[in-house]
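So the chains spell out like this:
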Amino acid sequence: MYVSDCISVNGRGNLTVGGCDTVEIAKEFGTPAYVFDENEIRKNIREFRKSIDENYGGKGLVHYASKAFSCKEIYRICASEKIGIDVVSGGELYTALSVGFPAEKIDFHGNNKTYEELETAVENNIGRIIVDNITELETLNSIAAKHGKTAGIMFRIKPGIDAHTHDFVKTGQIDSKFGFALETGEAMEAVKIALEMSNIKLCGLHCHIGSQIFDIDPFELAAKVMLELFADVKSQTGIELEELNLGGGFGIKYLESDNPKPFGEYMKAVSKTVHGYCEKLGLKVPFIHIEPGRSIVGAAGITLYTVGAVKEIPDIRTYVSVDGGMADNPRYALYKSDYEVVCANKATEERTETVTVAGKCCESGDLIQENTKLQSVEAGDILAVLSTGAYNYSMASNYNRIPKPPVIMVKDGEARIIVKRETYEHVSECDI
Ligand code: LLP
């Protein structure tokens with residue numbers, strides 16, 4: 001009935017998540033609030049882990065791309081599920097290390113890591129630093145030398161693939177700020193430079209072709225292009241690289257009309273390509289890393305709001321204003337992203353109205369969804385926006401000095417706070 005498996009409706013006609021009544025959650029913790037179902041997150045992680053194990057005979061590792069949703073508890077969950085993570089900033093790295101996340105299972109990304117970020121990574125023996133450019137490579141080599149260490153790295157490669165998705169989230173083509181281009185020969189040149197460096201160990205290559213991708217072929221094509229580069233490296237340097245990171249980007253269901261394939265299908269198809277091309281090119285199958293973010297947490301999260309004003313503009317539209325908005329979910333304002341919206345306390349009623357759900361920020365573009373179907377609502381009703389688990393909390397801001405909502409984790413009918421609601425003191429605490 002709803003886009004996400006962890007959503008249901010109870011006998012009172014209220015929407016539930018992970019066995020908890022969302023109207024009760026709203027009462028207990030206030031709104032706006034992000035709510036995540038822990039079992040759903042763990043289920044997704046296990047599905048990825050199982051399929052990487054099955055398809056690569058145990059020679060693969062899932063890294064949760066924590067830019068999708070970063071906080072201490074998600075790193076604890078990943079650690080307990082024995083997967084790795086990918087981090088993209090000193091802040092994510094700090095948060096993961098602060099809960100004792102195993103450093104050797106961390107991949108560190110970013111197109112402009114600072115000296116301090118690189119030094120922290122070296123000091124903490126982070127598993128792999130995904131090097132984006134030559135300047136970074138040189139800086140890292142000198143930092144590693146200063147600390148008497150060898151940094152394990154992979155290069156981020158732009159495989160030049162059109163991943164049929166929103167332009168803003170396409171990162172694999174040549175006109176991208178991320179990584180080394182293949183076409184210009186800079187990727188091969190970087191490999192040769194790294195192989196000469198005394199404090200760098202080049203472990204492998206990385207690519208990421210985009211996000212919210214439904215088709216399998218771009219992933220297969222990326223694997224093929226990357227293995228051809230492995231073969232070129234072997235023939236030009238005699239070195240056979242040992243690891244291939246194929247990134248993330250698996251699409252999830254935001255609307256009923258979205259039809260993502262089960263993760264296992266991507267994994268099976270890509271594994272077939274990897275095995276086939278390795279045989280054809282005379283390579284041994286590298287250790288495979290993948291980095292799903294959205295597909296682990298996206299559908300496991302929802303956002304709860306309280307309805308305030310309902311403004312009907314005859315023959316134009318009806319605005320339903322809520323107590324959150326672009327500060328907690330900027331994705332509609334940024335990408336016109338689709339979401340399903342439900343009135344949590346009228347979940348059994350039909351969605352007969354066509355409305356625009358607006359936030360409370362001082363900005364006309366502060367919308368959560370336009371022309372969406374909703375039950376007939378009034379002030380005080382609770383709205384649930386579904387599948388907000390990825391890139392909502394992590395992209396939230398304090399625009400208009402709005403404190404960020406709390407994150408509530410639910411599991412088997414029990415709810416607990418994992419990130420506290422910000423206060424006005426928090427949003428002004430750095431002011432002098
Ligand atoms: N690995 C790398 C190197 C990435 O750049 C990304 C996402 C991922 C993994 C995870 O991709 P996922 O599995 O979550 O699709 N803010 C945008 C999404 C930006 C994604 C950036 N990179 C959004 O809200 O849709």
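Fair warning: this is a prediction, and the values are worked out from it, not measured in the lab.

Scoring rules and cut-offs
- Residues numbered from 1 in each chain as written.
- Predicted model: local features only at pLDDT ≥ 70, side-chain atom pairs only at ≥ 80, totals over all residues.
- Heavy atoms only, no water.
- Helix = DSSP H or I, 4+ residues; strand = E, 2+ residues; numbered from the N terminus.
- Buried < 20%, exposed > 50% of the residue type's maximum accessible area, 1.4 Å probe, protein only.
- Polar contact = N/O pair within 3.5 Å; in protein donor to acceptor, adjacent residues only side chain to side chain.
- Contact = heavy atoms within 4.5 Å.
- Near = heavy atom within 4 Å.
- Areas by Shrake-Rupley, 256 points an atom, 1.4 Å probe, with all protein chains shown as cover.
- Nonpolar A, V, L, I, M, F, W, Y, C, P; charged D, E, K, R; others polar.
- Domains from an automatic or database assignment.
- Axes fitted to C-alpha atoms, helices over the stretch in contact; angles between N-to-C directions.
- Parallel < 35°, antiparallel > 145°, perpendicular 65-115°, else oblique.
- Left-handed = near helix turned anticlockwise from the far one by under 90°.
- Core = buried A, V, L, I, M, F, W, Y, C linked by side-chain atoms within 4.5 Å.
- Buried area = accessible area lost by both parts, 1.4 Å probe.
- Salt bridge = Lys/Arg side-chain N within 4 Å of Asp/Glu carboxyl O.
- Pairing = 2+ DSSP bridges.
- Disulfide = S-S within 2.5 Å.

Quick word on the side chain of Ser-387
With respect to the helices and strands, the residue Ser-387 is situated in the loop between strand S19 (382-385) and strand S20 (407-411). Residue classification places Ser-387 among the buried positions, given a relative accessible area of 0%. There is a polar contact of 3.4 Å between the side chain of Ser-387 and the backbone oxygen of Lys-253. In contact with Ser-387, not counting residues within four places along its chain, are Val-3, Ser-4, Lys-253, Tyr-254, Gly-298, Ala-299, Gly-301, Ile-302 and Tyr-339.

Concerning the site of the ligand
The local shell around the ligand holds 19 residues, among which Ser-211, Glu-291, Arg-294, Arg-331 and Tyr-391 are the closest. Within the backbone of Gly-249, an N or O atom sits 2.9 Å from an oxygen atom of the ligand. In the environment of the ligand, an oxygen atom lies 2.9 Å from a nitrogen or oxygen atom belonging to the backbone of Gly-293. When the ligand is considered free in solution it has 590 Å² of accessible area, and contact with the protein chains removes 91% of it. For the shell around the ligand, the class distribution of residues is six nonpolar, seven polar and six charged. Mapping the shell around the ligand onto the domain boundaries places at least three of its residues in each of domain 1 (7-37 + 299-428) and domain 2 (109-292).

Remarks on the packing of helix H5 (residues 115-123) against helix H6 (residues 134-146)
At their nearest, the axes of H5 and H6 sit 10 Å apart, and the two run at 45° to each other. In terms of orientation, H5 and H6 fall into the oblique class. For the pair H5 and H6, the sense of crossing is right-handed. Touching Tyr-115, Leu-118, Glu-119 and Val-122 of H5 are Glu-136, Thr-139, Leu-140, Ile-143, Ala-144 and Lys-146, all from H6.

Things to note about the environment of Met-326
Among the structural elements, Met-326 can be located in the loop between strand S15 (317-322) and helix H11 (331-335). As a C-alpha pair, Met-326 and Tyr-399 span 73 residues in sequence and 8.3 Å in three-dimensional space. Non-local contacts of Met-326, meaning those with residues more than four positions away in its chain, are made with Ala-333, Cys-361, Glu-363, Asp-366 and Tyr-399.

Examining the nonpolar core
Side chains of nonpolar character tend, in soluble globular proteins, to be buried together. Counting residues in hydrophobic clusters, the biggest one holds 90 residues, and the most contacted among them are Ile-41, Tyr-64, Ile-153, Phe-155 and Val-297. The element best represented in this core is helix H8 (residues 217-237), accounting for ten residues. The two domains that each donate at least three residues to this core are domain 1 (7-37 + 299-428) and domain 2 (109-292). When residues no more than four places from it in sequence are discounted, the contact partners of Tyr-64 are Phe-69, Ile-74, Cys-78, Ile-83, Gly-84, Ile-85, Asp-86, Pro-292, Gly-293, Ile-296 and Val-297.

Some details on the domain arrangement of the protein
The assigned domain composition of the protein is domain 1 (7-37 + 299-428) and domain 2 (109-292). Computed over C-alpha atoms, the centres of domain 1 and domain 2 are 36 Å apart. Domain 1 puts eight residues into the contact, and the matching count from domain 2 is seven residues. Between domain 1 and domain 2, a total of about 750 Å² is buried, with carbon and sulfur atoms accounting for 57% of that surface. Connecting domain 1 to domain 2 are zero salt bridges. Where domain 1 meets domain 2, there are one residue pair in polar contact (both at pLDDT 80 or more). For the side of domain 1 that touches domain 2, the per-class residue count stands at four nonpolar, one polar and three charged.

Digging into the sheet that holds strand S3 (residues 20-21)
Overall, antiparallel pairing links the three strands, which are arranged S1-S2-S3 in an open sheet. This sheet does not close on itself; its edge strands, each paired only once, are strand S1 (7-9) and S3. As paired elements, S1 and strand S2 (residues 15-17) share three bridges and run antiparallel to each other. What sits directly across from Ser-8, in S2, is Thr-16.

Quick word on the state of the cysteines
As used in these notes, a disulfide is a covalent bond between sulfur atoms, one from each of two cysteines. Throughout the structure, instances matching the rule amount to zero disulfides. Sulfur of Cys-78: no disulfide; nearest cysteine sulfur belongs to Cys-71 and is 9.6 Å away. Cys-207 supplies the cysteine sulfur nearest to Cys-278, a cysteine that is in no disulfide, at a spacing of 13 Å. Classification of Cys-278 as buried rests on a relative accessible area of 2%.

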